[in-house]
Structures are given as C-alpha cells and as structure tokens.
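One-letter residues, chain by chain:
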Amino acid sequence: MNTSDQKRPHIWKELSLSNFKSWKSLPSLRLAPLTALFGTNSSGKSSILQWFLMMRQTVESADRRRSLDLGTDRSVVELGTFDDVVHREPKGNSTRVPRSTLGWTVAWETTDLVEDVANAKAEPRRITFSAEIGSTTHHAPTTLRLEYRTSHAYTYFIGDDGDYHFDTDDHGLTRRRGRPTILPHPDKCYGFPEEIDRDYQHAAILSDLKLALERQFLRIEYLGPLRDHPRRQYLWGGGEPGDLGRKGEFAVEALLASRESRPAKRRVKQSVSLEESVANWLKKLGLIHDFRVHEISQGSKLYQVLVRRNEGSPEVSIADVGFGVSQVLPVITLCCRATPGVTLLIEQPEIHLHPSAQAGLADLFIETIRKRRAQIILESHSEHLLRRLRLRVAEEKVSSDEIQLAFCEIQGGASQLRSLELDEFGAIKNWPEHFFGNEFGEIADMVQAVAKRKVRA
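Figured I'd write up the structure that's included with this text. Values in this document were obtained by computation on a predicted structure and should not be read as measured data.

1. Focus: the overall build of the chain
Summing up its helical and strand segments, the chain has 10 helices and 17 strands in all. Across the 457 residues of the chain, 49% fall into the buried class. Summarising the internal contacts of the chain: among those between residues at least 6 apart in sequence, 61% fall at separations of at least 24. Counting only carbon and sulfur atoms, one obtains 47% of the accessible surface of the chain, whose full area is about 23,200 Å².

Structural data, given as structure tokens:
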C-alpha cells in the first residue's frame, strides 16, 4: 500500500469554539490532513492556532489546579488575562450580553486509546472532548464542565448546588458503596480527579482519555510568522532540540543533530538525510543551487550555513543572500523532519518569498501530509499557494478530501468562517467576493486610466 493511502495514527478532525477572542461562535471547522486558513488581517485565523497553543502549554504546565495556562512573555503564546481571552461584544451595542464563559469542542482520531490489548492494531478511534470555562471572582479561569465522548459520554460539571458532579451513560462504571463524597476541582480543564477512580469501579478509561488528549496536544509543533534573522555563525553544543522554536531559531541545530541520529543507509533503502532533503527543497523552490552546514574549525562548535545561489557562483554565508532563504529554511526543516501523527502549526509560511516559491510550498506541504503522514494547519495570505493547491487537486496529485480551505472575515464585530467548497477539479464553488482584492475591477480601472491618458495626449 502506498504510504499516502495509509491511516494516519493521530489526526485532529474537527474544532468548534464559542466566545474565544474574536470568535463569538465557530460552529464547526473540519480539520483535514492539510487545513489552510485564509482571510483579511485580524480576522481570527491566528486565534484558531492560538487555541491549540494555549491547550498545549496548559498540558505542559506543572500546576494541575490551573484550568488554563494563558502564558507569559516567555511562553509560546501569551494571551493576557481571562478577560482578554473571552469574546467581547462591540462597544455601543445596545443588545450587548455579557460573555463570561468560553467553550470548545474538539475531535480527533487516535490509536492511543485501545481498551483491548489484543486488538492493538485496530483502526484509529475517534474521541471528542468539550469544555466550558468561566472565571473566579479574581478573574482567573475555572472549569465549569468537561466531557469526553467515545462510544459513551463521561461528563464532569458544576451543579446548581455549586459542587462538582460526575455523570456517565456507561453502566460499566458503577459507584462503589459508601458515603458520597464532595468531588474536587478537575485536573486542569480536561482531567477527572483521582476521587472518581476511587469512587467508581472500572474507571480506568477516564485516565486513558486524559492521557490520550495530553499526547495529542504534545504532538503539536509550531512555527510563528516572524522567523529568526540569519546569522554568520551558529553555536551547537551537540544536543538535539525538542522543536525548532517559535521563530525557527533551532533549525540549524536540528540539521546538525540529524547527522548523529540518521539511520545507516544499509538499514534504510534510499535513505536521505535531513540536510539533503532541505537542500533539495530549497533548490526546487528556486531559491539556491546548493546548501551545506560547515564547521568553521574542527572542535570549535561553531558552524556556518553556506549557500550557492547559482551553479557557477561562489559559496556565501546565508546572511549574504536574499532574506527569503533564511525565513523559509525553518518551514522546510519543520516539514522534512516531521514524523507520523505530528501536527504542524505554521503561520505565514510564504513570508519574504517570491510568487513562484510561494506556490512551491504547496508541493512541500502535500509531500509532508502524504509521505510523512503528518497533519498541517496553517494560516496564509498567499493566493499563489492557494492556486497551486487547487491545481494539484485538479491534477489528482492530492484529493479534495485531504485539503480543507477556509476563509475568515470580520462581520458585526466577530470572526466568521466560510469553508470553501473545493470540487474534484480544484474549483472553489463558493468563492468569497474580493477574496484577494478586486483584481478584475483594478484591471478595468487601469484600462480606463490608460484610455484617458491617451485622449489627453
């Protein structure tokens, strides 16, 4: 079977939001292997990615009593206070209703949750997780309700009496005899407390659900819109970075570390190193002729990134070529080192690239989701990237089911999302008006301006 046709081991499937930042309501966004968000500035595209990052750093937080980790200036994402996160109605709206809670529902497929060990090769199982978050008197986030759904529903919520309660339609989870106890605050915003396992028989599934969600969020890797500036030399102490950093500042370290961890060619047929893959893509995009990372002097731990722009040109430092090369290097490295089941969040991958290279990124992303079986969620302003994706659908290089295109805009002070309907020939059936500006109107205005100038002449 072709790798592209195999089931991905872990993949986000759907997301809905309520009262999160500019999103008063995001009813349902289908998340495909490649999901691309387009739209105007400040239309809510980045907020969707920020929700994933907020949840990832909440999972990573050591404080299990804290419902959400909204971040600090040292975090991947810093969202301010809970009041900053909750959607606010436009000022002067006479029908304004105070919004004090935010919520979400997210679904994913995973092989992490296998109840029968003998059935470990089962198809990925779908899990749905939803939560509602309110605020305390000190304006800190607190969990009001959380629920997991597989073949059964498991719900933890604050009742009218102000206490937490547990409810399930799984009759296998029977309450042990004894005096009812007051249940505590949940573990962050997604975990059932230990008391549930103590008070109910066969409740191990609840811990499995929490662990499956944590693993899913920890598979997220993120690259922000502002990448690190190129340097004339890079210091590498020999370690392998956990990720590339939000600015891609560890991309060169990742390339160097891959030399140590690269499988032997005799064990992997046609094995290509990470450096070779990155160099090949830089060449495919028409940015350079060749590329290498060179140690300045043996044992110095200092390295140079050297590139040759054309076949006959001399090698120069990456700091001496077009800025676009250094900005796209982390994007390519992120994709080429992706492993099956990882989710890549990428903001503005096309920044500082000419139109041809922007279009070529579509082929990089398609290769990543098909050959590496990773998932990509990106936000972009590039019509060239969009056109290449549509072309590849028409050419049957990728199916319309593998791609989700969405357009975000602000209406009535809140973000609105339109899923673009892409047919099997790559045509968008519900193209938004002035998606990338009024191109035909500008052409007509230019023709009229030329005609007027000729008349005056």
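2. Things to note about helix α8 (residues 355-371)
With 17 residues, α8 extends 25 Å from end C-alpha to end C-alpha; this agrees with the ideal 24 Å at 1.5 Å per step. For α8, the buried fraction is high: 13 of the 17 residues fall into the buried class. Positive backbone phi, at 55°, marks Arg-373, one or two positions downstream of α8.

3. With respect to helix α6 (residues 274-284)
Within the span of α6, buried status applies to Leu-274, Glu-275, Ser-277, Val-278, Ala-279, Trp-281 and Leu-282. Buried residues along α6 sit in contact with α5 (251-261), β11 (290-295), α7 (323-336) and α8. Directly after α6, the chain includes Gly-286, whose backbone phi takes a positive value near 75°.

4. Notes on the packing of α6 against α7
Between two packed helices, the angle of one axis relative to the other and the distance separating the axes together describe the packing. Across the interface, α6 lies against α7 with an axial gap of 10 Å and an inter-helix angle of 130°. Classified by the interaxial angle, the pair formed by α6 and α7 is oblique. As α6 packs across α7, the resulting crossing turns out to be right-handed. Of α7, the residues touching α6 (which contributes Leu-274, Ser-277, Val-278, Trp-281 and Leu-282) are Val-325, Val-328, Leu-329, Ile-332, Thr-333 and Cys-336. In the contact of α6 with α7, the residues fall into 9 nonpolar, 2 polar and no charged.

5. A closer look at the packing of aromatic side chains
Under the definition given, this model contains 13 aromatic pairs. Seen from their ring centres, Tyr-156 and Phe-192 are 6.2 Å apart, and the 85° between their planes marks the pair as edge-to-face. Of this pair, Tyr-156 sits in strand β7 (residues 153-158) while Phe-192 sits in the loop between β8 (164-168) and α3 (194-199), and the two are 36 residues apart along the sequence. Phe-192 matches Tyr-156 in its accessibility class, with the two residues each being buried. Taken together, Phe-129, Tyr-148, Tyr-156, Tyr-164, Phe-166, Phe-192 and Tyr-200 form an aromatic cluster joined through their ring pairs. Between the NZ or CZ atom of Lys-284 and the centre of the ring of Trp-281, over which it lies, the distance is 4.3 Å.

6. Some thoughts on the nonpolar core
The biggest cluster of nonpolar side chains holds 62 residues, and the ones touching the most others in it are Leu-282, Phe-291 and Phe-365. Ranked by the residues each element gives to this core, the list is headed by α7, at 8 residues. Beyond its immediate stretch of four places on either side in the chain, Leu-282 contacts Leu-287, Ile-288, Phe-291, Val-325, Val-328, Leu-329 and Ile-332. Phe-52, Cys-189, Leu-209 and Leu-345 belong to the second-largest nonpolar core, a separate cluster that totals 59 residues.

7. A short note on empty space enclosed by the protein
This model, assessed by the stated rule, comprises 1 cavity of 30 Å³ or more. Looking at the largest cavity, its volume works out to about 90 Å³. Taken together, 13 residues line the largest cavity, and the ones lying closest to its centre are Asp-228, Tyr-234, Gly-248, Ser-326 and Leu-329. Within the residue set of the lining of the largest cavity, elements represented by two or more residues are α5 and α7. For the lining of the largest cavity, the class distribution of residues is 7 nonpolar, 3 polar and 3 charged.

8. Some thoughts on the sheet that holds strand β6 (residues 141-149)
As summarised here, the arrangement of the 7 strands in space is β2-β1-β4-β5-β6-β7-β8, forming an open sheet in which the pairing is antiparallel. Every other strand in the sheet has two partners, leaving β2 (23-30) and β8 as the edge strands with one partner each. Geometrically, the sheet is characterised by an average inter-axis angle of 15° between neighbouring strands, direction not taken into account. Sheet topology places β7 next to β8; 5 bridges connect them, and they run antiparallel. From the neighbouring strand, Tyr-154 faces β8, where its bridge partner is Thr-168. The strands touched by helix α1 (residues 45-60) are β1 (10-20), β2, β4 (102-110) and β5 (125-135); relative to β1, the strand with the most contacts, the crossing angle is about 105°.

9. Quick notes on the sheet that holds strand β14 (residues 343-347)
Read from one edge to the other, the open sheet built from 6 strands follows the order β9-β14-β15-β3-β16-β17, with strand pairing classed as mixed. The open sheet has two free edges, formed respectively by β9 (220-223) and β17 (414-420), since each of these has just one partner strand. Taking each pair of neighbouring strands and ignoring which way they run, the sheet shows an average axis angle of 20°. One ladder, built from 4 bridges, connects strand β3 (residues 34-39) with strand β15 (residues 375-379); its direction is parallel. Residue pairing across strands places Thr-35 opposite Ile-377, the latter belonging to β15.

Cut-offs and rules
- Residues numbered from 1 in each chain as written.
- Predicted model: local features only at pLDDT ≥ 70, side-chain atom pairs only at ≥ 80, totals over all residues.
- Heavy atoms only, no water.
- Helix = DSSP H or I, 4+ residues; strand = E, 2+ residues; numbered from the N terminus.
- Buried < 20%, exposed > 50% of the residue type's maximum accessible area, 1.4 Å probe, protein only.
- Contact = heavy atoms within 4.5 Å.
- Areas by Shrake-Rupley, 256 points an atom, 1.4 Å probe, with all protein chains shown as cover.
- Expected span 1.5 Å × (residues − 1).
- Axes fitted to C-alpha atoms, helices over the stretch in contact; angles between N-to-C directions.
- Parallel < 35°, antiparallel > 145°, perpendicular 65-115°, else oblique.
- Left-handed = near helix turned anticlockwise from the far one by under 90°.
- Nonpolar A, V, L, I, M, F, W, Y, C, P; charged D, E, K, R; others polar.
- Phe/Tyr/Trp six-rings, centres within 6.5 Å; stacked < 30°, edge-to-face > 60°.
- Lys NZ or Arg CZ within 6 Å of the ring centre and 35° of its normal.
- Core = buried A, V, L, I, M, F, W, Y, C linked by side-chain atoms within 4.5 Å.
- 1 Å grid on protein atoms, 1.4 Å probe; cavity = no way out; pocket = protein on both sides within 12 Å on 5 of 7 lines; lining within 4 Å.
- Points joined across faces, edges and corners; volume = space filled by probe spheres on them.
- Pairing = 2+ DSSP bridges.

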